[in-house]
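Observations on chain architecture
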Amino acid sequence: TAGLVSVFMALALFAVVSKNLLGQSFIWGQQFSDNRFTIALAAIVFVMGLSMLGVWEIPIPGFIGSSKAHGLTTKEGLSGAFFKGVITTLLATPCTGPFMAPAISWALVQPSWIVFAVFGAVGLGMASPYLTIGLFPSTIRLLPRPGDWMITFKELMGFAMLATVVFLVSILTDEMRIPMAALLVVLGFACWWIGRVPVTAEFGTQAK
């Protein structure tokens, strides 16, 4: 649990530091009167929605597969359990990343204590199955079996994010809606291209 939560606390710290570097006072809600903010948020939600739909995937950090990372997760005791939590969170990046990017955007307009509270709650929520099963081992039988339903659920959440994009586009001023639609087409093409040839592939593969 500590390993899981520590990753989300690091994300909260990143959001707070980013907000302070911007040197502005934000109030959630007022920012939607600024077309630039709405366009940026809509673009983030759109590309993350495409990720949920399988058009492209957020790559897992390269060091996860290294021998050093494997050694950390196979250690016994508290330190081994801690790093298992950290690695588990990072391995979930392709699934959680699409939700976390809009969350970080939201955090940029919140007081610091709310940012840490919310991200801490997200970490505890992700760790809750481990806590519950650790305290009550018999509850493991209540966990749903992995299967195609997980992919279906993820894709439905992708459509929910695209519906959010429709709402964001609807609150733009009239003259910005066509440029926003054009931007979404460009972003969609870029995500499709990345999905066909990952950015981590060698240059020769990308050229083909």
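In this text, all values refer to a predicted model and were calculated from it rather than measured experimentally. (Residues numbered from 1 in each chain as written. Predicted model: local features only at pLDDT ≥ 70, side-chain atom pairs only at ≥ 80, totals over all residues. Heavy atoms only, no water.)

1. Observations regarding the overall build of the protein
Just so we agree on the cut-off: Helix and strand labels come from DSSP, where a helix needs a run of H or I of at least four residues and a strand needs a run of E of at least two; each type is numbered from the N terminus. Each residue gets one of three labels from its accessible area relative to the maximum for its type: buried under 20%, exposed over 50%, partly exposed in between, using a 1.4 Å probe on protein chains only. Contacts between residues were defined by any pair of non-hydrogen atoms, one from each residue, lying within 4.5 Å.
The helix and strand tally for the protein stands at nine helices and zero strands. Ordered by position in the sequence, the α and β elements of the protein form the string α-α-α-α-α-α-α-α-α. Counting over 208 residues, the protein shows a buried share of 32%. Sequence-distant contacts, at least 24 apart, represent 75% of the contacts inside the protein between residues at least 6 apart.

2. A few points about the packing of helix H7 (residues 148-170) against helix H8 (residues 174-196)
Defined as follows: Geometry is summarised by axes, namely lines fitted to C-alpha atoms with helices restricted to the contacting stretch, and by angles between N-to-C directions that run from 0 to 180 degrees. An angle counts as roughly parallel when it lies under 35 degrees, as roughly antiparallel when it exceeds 145, as roughly perpendicular when it falls between 65 and 115, and as oblique in every other case.
Between H7 and H8, the least distance of the axes is 10 Å, while the angle of their chain directions is 150°. Accordingly, the angle class assigned to the pair H7 and H8 is roughly antiparallel. Of H8, the residues touching H7 (which contributes Val165, Val169 and Ser170) are Arg177, Met180 and Leu184.

3. Describing a nonpolar patch on the surface
So the rule is basically this: What makes a patch is a set of residues exposed beyond 30% relative accessible area and free of salt bridges, joined within 9 Å when like-charged and within 5 Å when nonpolar (Val, Leu, Ile, Met, Phe, Trp, Tyr). Only the protein chains shown count as covering a residue, and every accessible area follows the Shrake-Rupley method with a 1.4 Å probe. Within this document, salt bridges are pairs made up of a side-chain nitrogen of Lys or Arg and a carboxyl oxygen of Asp or Glu, the two lying within 4 Å of each other.
On the surface, Leu13, Val17, Leu21 and Phe116 cluster together into a nonpolar patch covering about 380 Å² of accessible area. Top contributing element to the nonpolar patch by residue count: helix H1 (residues 2-22), with three residues. Looking at where Phe116 falls in the secondary structure, it is placed in helix H6 (residues 112-135).

4. Examining H6
Applied cut-off: Residue count minus one, scaled by 1.5 Å, sets the expected span of a helix. Think of it this way: the bend at a residue is just the angle between two axes, each fitted to seven residues, one set ending at that residue and the other starting at it.
Here H6 is 24 residues long and its end C-alpha atoms lie 32 Å apart, about the 34 Å a rise of 1.5 Å per residue gives. At Ala127, H6 is deflected by roughly 50°, the largest bend along its length, and proline Pro129 occurs up to four residues later in sequence.

5. Thoughts on the packing of aromatic side chains
Here is the rule: Two rings from Phe, Tyr or Trp (for Trp, the six-membered ring) form a pair when their centres are within 6.5 Å of each other. A pair whose planes differ by under 30 degrees is stacked, one over 60 is edge-to-face, and the rest are tilted.
Applying the stated criterion across every chain yields a total of two aromatic pairs. Between Phe189 and Trp192, the ring centres sit 5.6 Å apart and the planes meet at 35°, which makes this aromatic pair tilted. Placement of both Phe189 and Trp192 in helix H8 is noted, with a separation of three residues, approximately one turn of the helix. By relative accessible area, Trp192 is classed as partly exposed at 41%. Both rings, one in Phe189 and one in Trp193, keep their centres 5.5 Å apart while their planes meet at 70°; by these two values the pair is edge-to-face. Note that Phe189 and Trp193 are positioned in helix H8 at a spacing of four residues, about one turn of the helix. Here a set of aromatic residues connected by ring pairs shows up, and it is made of Phe189, Trp192 and Trp193.

6. Structural notes on the nonpolar core
So the rule is basically this: Buried residues of nine kinds, namely Ala, Val, Leu, Ile, Met, Phe, Trp, Tyr and Cys, make up a nonpolar core once their side-chain atoms join them within 4.5 Å.
Judged by nonpolar contacts, the single largest core of 20 residues is most densely connected at Phe46, Val47, Trp56, Val165, Met180 and Leu184. Those elements that place two or more of their residues in this core are helix H2 (35-52), H7 and H8. Excluding its chain neighbours within four sequence positions, the residues that come into contact with Leu184 are Phe46, Val165 and Val169. Judged by nonpolar contacts, the second largest core, of nine residues, contains Phe8, Ala12, Val16 and Val115.

7. Section: the side chain of Asn35
Put simply, the rule reads: Between N or O atoms, a polar contact is any pair within 3.5 Å; within protein, one atom must be a potential hydrogen donor and the other a potential acceptor, and residues adjacent in sequence are included only when both atoms are from side chains.
With respect to the helices, strands and loops of the structure, Asn35 is situated in helix H2. Separated by 2.9 Å, the side chains of Asn35 and Thr173 make a polar contact. Discounting residues that sit within four places of it in the chain, Asn35 has contacts with Leu172, Thr173 and Met176.

8. Here's the deal with H2
Over its 18 residues, H2 extends 26 Å from the first C-alpha to the last, a length consistent with the 26 Å expected when each residue adds 1.5 Å. Counting buried residues along H2, 15 of its 18 residues qualify, which places the element largely inside the surrounding structure. Just beyond H2, the residue with positive phi is Gly54, at close to 90°.

9. Remarks on the confidence of the model for the protein
Threshold: As a per-residue quantity, pLDDT reports the predictor's confidence and falls between 0 and 100.
Model confidence for the protein is summarised by a mean pLDDT of 77, while 74% of its residues fall at 70 or above. Per-element averaging of pLDDT across the protein places helix H3 (residues 67-73) at the bottom with 51 and H8 at the top with 91.

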